[in-house]
Amino acid sequence: PREVVVAAAQMGPVARDAPRAEVVERLLSLLRGAAHRGAELVVFPELALTTFFPRYVIDDDAELDAFFETEMPGPETKVLFDEAARLGVGFQLGYAELTPDGHRYNTAILVERDGRIVSRYRKVHVPGHADEEPWRAFQHLERRYFEPGPGFEVHEAFGGIVGSATCNDRRWPETYRVLGLQGVELVLIGYNTPIHYAPDPGQDRLAGHHNTLVMAAGAYQNGTWVVGVAKGGVEEGVWSLAESQIISPGGEVVARATTEDDELVLALVDLDRCWDYKRTVFNFAQYRLPDRYRLITDL
Ligand code: ING
């Protein structure tokens, strides 16, 4: 069987003024701990290097740029790439990307066990708002700081077909289906999810339910493994969902975090299990009728 040991490397809060070196030290500790336990792939959260800064209105360009990376690996992150290659472990790292031509993305880089950069995914579904909304207890200004990426790709890595998504992407069935139509077997998703959803606080109590619901559905309906990795806990006063988890193609949660801190969640991922579903219930070629679904892409 095509088995790969995967570690969801959940993080607890990152302070607004946390130096990169301090955060990288936490990532190194998680990476080493995962390697020690046999992990071949370590998945870090969305925006893993910094606090979730879209909760703030940042008008000073220099202050904003300080949350972004202009190179990946860069001077402060190269140590992570070097250590992973030394340990023979691959990883996904979420970070804020500022491109040389001035574009800003909420990005996740995927690196293979030999250090090869497999892909650079840019978050498609950018939630929240672009202008300050003073009525909110805290802001969610991702639409102020990030542009949407071009789409969802799969890549051969870790013995299978791997795809990435980020946070809000996991709530949209299109994310999984676009990857599923490309044969994805393992979807890697980092997230920062405030429990309090200001536009409709009635949803707060369902934060954990919705988290598992959407990833389990996406996994089952596309015959793929899904790894969801949180930066959670109370970060600068905002309580964010932890509950990192690894979900099978059958939609079962096979492993999950039980703290809101830095925590490794490991599972033995058998990629062949995907085909139990891709060849049967969700045999797209046999059963799917795209000409009946035109509304999905036309509207
Ligand atoms: N965070 C949240 C997420 O989609 C959110 C935003 C929370 C949207 C709850 C809707 C409901 O998990 C990010 N970073 O997308």
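Keep in mind that what you see is a predicted model, and the values were worked out from it rather than measured.

Criteria and cut-off values
All residue numbers refer to positions counted from 1 along the written sequence of the respective chain. Reporting in this predicted model follows two pLDDT cut-offs: at least 70 for local features of residues, and 80 or more for side-chain atom pairs to be given and counted; totals over whole chains, interfaces and linings ignore these cut-offs and use all residues. Water and hydrogen atoms play no part in the side-chain values, which are based on all heavy atoms of the structure. Helix numbers and strand numbers start at the N terminus; a helix is a DSSP run of H or I with at least 4 residues, a strand a run of E with at least 2. Computation of the radius of gyration draws on C-alpha atoms alone. For the globule rule, the value is 2.2 Å times the number of residues to the power 0.38. Exposure classes here rest on a 1.4 Å probe applied to the protein chains alone. A residue is buried below 20% of its type maximum, exposed above 50%, and partly exposed in between. Whether two residues are in contact is decided by their heavy atoms, any of which lying within 4.5 Å being enough. Definition of nonpolar core: a set of buried residues of the types Ala, Val, Leu, Ile, Met, Phe, Trp, Tyr and Cys, connected through side-chain atoms within 4.5 Å.

Student: Just to check I follow, could you spell out the overall build of the protein chain for this structure?
Tutor: Of regular secondary structure, the protein chain possesses nine helices and 14 strands. For the protein chain, the C-alpha radius of gyration of 18 Å lies close to 19 Å, the compact-globule estimate for 299 residues. If one aligns the C-alpha atoms of the protein chain with their principal axes, the spans along those axes are about 55 × 45 × 40 Å. The buried share of the protein chain, taken over its 299 residues, is 55%. Here the contacts in the protein chain between residues at least 6 apart in sequence split such that 69% fall between residues at least 24 apart.

Student: Looking at this model, I keep getting lost on the nonpolar core. Mind explaining?
Tutor: General note: in soluble globular proteins, nonpolar side chains tend to be found buried as a group. Grouped together as the largest cluster of nonpolar side chains are 28 residues, with contacts concentrated most on Val 42, Phe 44, Leu 80, Phe 91 and Leu 93. Elements supplying a minimum of two residues to this core: β1 (3-10), α1 (20-36), α3 (78-87), β3 (90-98) and β4 (104-111). Setting aside chain neighbours within four positions, we find Leu 80 in contact with Leu 27, Leu 28, Leu 31, Phe 44, Phe 91 and Leu 93. With 23 residues, the next largest nonpolar core counts Val 162, Leu 186, Val 227 and Val 269 among its residues.

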